[in-house]
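Fold and contact review
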Amino acid sequence: MLKNLQIKNFAILDDINLDLSAGLNVFSGETGAGKSIIIEALGFVLGARAGLSMLKEGAQDMSVTAVFETEDLPQKLLREYKITGPAVTLKRELDSKGKTRGFIGNALVPAGALAALGEVLVDFHGQHDHHTLLKSSEHLAMLDRFAKTQKDVLHVGQLYAQMQDILAKINALSLSKAEKERLLDLYNFQHKEITDAALKPGEDIEIDNALPKLKHSGKLKELAETAYQYLYEEEAAGIDLLSKALKNLRDMCELDETLRPLLAELESSMRSLEDGAATIYNYKEHINVDPQTLDDMLSRQQKIAKLKSKYGPEISDVLAKAEELKKQIDSLSFSEEKEAELRAQLAVVKEELLTGAMVLHEKRVNAAQKLDARVTAEIKPLGFAEVKFKTDIIFEEEAVNATGADSVEFLFSPNPGTSLKPLKNIASGGEMSRVMLGLKTVLAGTVPIMVFDEIDAGIGGTTGLQVGEKLRAVSAGRQTLCVTHLAQVAAFGAAHFNVNKVSAKNSTRVILTRLEGEARTSEIARMLGSTSGKTSAGFKHAQELMDHCRGL
């Protein structure tokens, strides 16, 4: 569960502090008020792509902080990121130069670490995600997610990469001698440039953390030496008032036992001062004020930055590029007499690839039957009396690739008497939203938090009530965040937040309010397009809708 979300200077949000509830949390407000930006901010702190367009105009930096309960996190991730306790705080910052920093607790981490936690904590459905249902290329990924065939897909992908590697070596034999030498010179230069740097994962973050201390090492040493003199050296010169006070107080305790607690407190203070002096002494002795060390670290930082700009945004990408270059160098180094051996290897790998693709196909077919039954059960109550949903899978041996040899298409029939056809050819916008809600409900599995940004697009009336009831049911075992313009959905919320944009002459800010009682009824009336005065028909209509939803 997401307990708290703090947003500062994100787009038009200047300072938002949001405490969320279990179950269904709904967000309403006029179009453009900033509802979806709250969802984008949550995505940002969970590792989504960042850009300066996110920074509020006039601000120097922005940050998003999210506090999650840890009970739903796998033990592997808890150990990997040293997460303890019932809650974990994730934070991500962006400054005016476009630099981001991520934190898990107080530890500085790359965006990938935040994304890894986000994948198991939150399932997002954005405003336009239902358009993915129009792309058959996305249907295969959805089926594999449901079938949990990741290991099989990885195995097939590795075999496919192995096949492509052998083919590259065979193709390299046909290159002209001059072209081969040109490519070898280029690849060897690039590979040597990376390997000579001897990069270590996370080294750039370590340097970023160490540089501020090195840059100010002289000042830090001077201050530490002065502090040490105050705490220790002046004491040695005889200016030790606390010791004199302790001596007198010990004598006083012989006459008055009630002073013993005070004596113990002052003796503890004395020990703390001595410990502090020792700590400062050790600190100043270990400060390196060698300008050469600073120059070396700055030079190292520049070298790493140069390699990252040429070969990848992160050190891991640079190291992966070195491995890729080594394979290309090896493939170009093969001689003609190796071709027969390579073609024999190619035949073996092709056979293993097709076998792996067939195993994967069978698992997908079995999973598709279960997926079809569950999706149908989920969407049938959403206004589809005789709905049909089917996952169509075709095995194409000649089209085998890194994901296998299957083409997958979701077929759909919303009405009795209509044949199954591809979703892109038959479903309306409202039908697409309801199918996506059913799919998301099934595919989310054990993900503890679901986020829907206007899942109710294109629907209304009774169907809106059915969608709202479904969202509440889905939220019974997890937390759900839902941005909505539909009163029928908002009325089912366990918590209701209003997002309101206020514009002044030179600024725009967003106000977020948790609605209770009559304030919530008035907002429901507004969403119904009615007046909200307590005696108005619209207000009474809103009360009736909320009473109806509570009774379902």
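Residues numbered from 1 in each chain as written. Predicted model: local features only at pLDDT ≥ 70, side-chain atom pairs only at ≥ 80, totals over all residues. Heavy atoms only, no water.

**Re helix α7 (residues 203-215)**
Counted only if it meets this: Counting from the N terminus, the helices are the DSSP runs of H or I reaching at least four residues and the strands are the DSSP runs of E reaching at least two. Between the first and last residue of a helix there are one fewer steps than residues, each counted as 1.5 Å, and that sum is the expected span. Burial here depends on accessible area, computed with a 1.4 Å probe over protein chains only, as a share of the maximum for the residue type. Under 20% is buried, over 50% is exposed, and the range in between is partly exposed.
Under the 1.5 Å per step criterion, the end-to-end length of α7 is 18 Å for 13 residues, consistent within 8% with the ideal 18 Å. Among the residues of α7, those classed as buried are Glu203, Asp204, Ile207, Leu211 and Leu214.

**Regarding the environment of Val109**
With respect to the helices and strands, the residue Val109 is situated in strand β7 (residues 107-109). Here Val109 falls in the buried class, since its relative accessible area comes to 12%. Along the sequence, Val109 and Ala405 sit 296 residues apart, while their C-alpha atoms lie 38 Å from each other.

**Section: the sheet that holds strand β9 (residues 388-395)**
Note the threshold: Here a strand pair is declared whenever DSSP counts at least two bridges between the two strands. For this analysis, residues touch if any pair of their heavy atoms sits within 4.5 Å. Helix axes are fitted only over the stretch in contact, all axes being lines through C-alpha atoms; the angle between N-to-C directions runs from 0 to 180 degrees.
The antiparallel open sheet is built from three strands, whose spatial order is β9-β10-β11. One side of each edge strand has no neighbouring strand; the edge strands of this open sheet are β9 and β11 (421-422). Here two bridges tie strand β10 (residues 406-413) to β11, and the two strands are oriented antiparallel to one another. Each bridged residue has a counterpart across the sheet, and for Leu411 the counterpart in β11 is Pro422. Contacting β9 and β10, helix α4 (residues 136-147) runs over the sheet at an angle of about 100° to β10.

**A word on the packing of aromatic side chains**
Rules: In this analysis, rings of Phe, Tyr and Trp, with Trp reduced to its six-membered ring, are considered paired at centre separations within 6.5 Å, and the interplanar angle assigns stacked below 30 degrees, edge-to-face beyond 60, and tilted for intermediate values.
Per the counting criterion, the structure on display carries three aromatic pairs. Relative to Phe497, the ring of Phe27 has its centre 5.2 Å away and its plane inclined at 20°; by these criteria the two rings are stacked. With Phe27 in strand β3 (residues 24-28) and Phe497 in strand β14 (residues 495-503), this residue pair connects regions lying 470 residues apart in the sequence. Here Phe27 falls in the buried class, since its relative accessible area comes to 1%. Taking relative accessible area as the criterion, Phe497 reaches 2% and is therefore assigned buried.

**Thoughts on the pattern of salt bridges**
To be explicit about the condition: Between Lys or Arg on one side and Asp or Glu on the other, a salt bridge is scored when a side-chain nitrogen of the former is within 4 Å of a carboxyl oxygen of the latter.
Summed over the entire model, instances satisfying the criterion amount to 25 salt bridges. Lys310 is paired through a salt bridge with Glu193; the nearest N and O atoms lie 2.9 Å apart. Note that Lys310 is positioned in helix α11 (residues 291-311) and Glu193 in helix α6 (residues 177-197), a separation of 117 residues in sequence. Among the residues examined, Lys310 registers a relative accessible area of 41% and is labelled partly exposed. Connected through shared salt-bridge partners, Glu30, Glu523 and Arg526 make up one network.

**Brief notes about the state of the cysteines**
So the rule is basically this: We call a pair of cysteine sulfur atoms a disulfide whenever their separation is within 2.5 Å.
All told, the structure shown has zero disulfides when counted by the stated rule. Note on Cys549: no disulfide assigned, nearest cysteine sulfur contributed by Cys482 at a separation of 13 Å.

**Things to note about the side chain of Thr521**
Residue placement: Thr521 occurs in helix α18 (residues 517-527). You can call Thr521 buried: its relative accessible area is 8%. Filtering out sequence-adjacent residues up to four positions away, Thr521 remains in contact with Phe539, Ala542, Gln543 and Met546.

**A look at the confidence of the model for the protein**
As a reminder of what qualifies: pLDDT expresses how confident the predictor is about each individual residue, on a scale running from 0 to 100.
Per-residue confidence for the protein gives a mean pLDDT of 84, with 93% of residues at or over 70. In the model, residues 235-239 has pLDDT below 50 throughout and makes four contacts with residues more than four positions away in sequence or in other chains.

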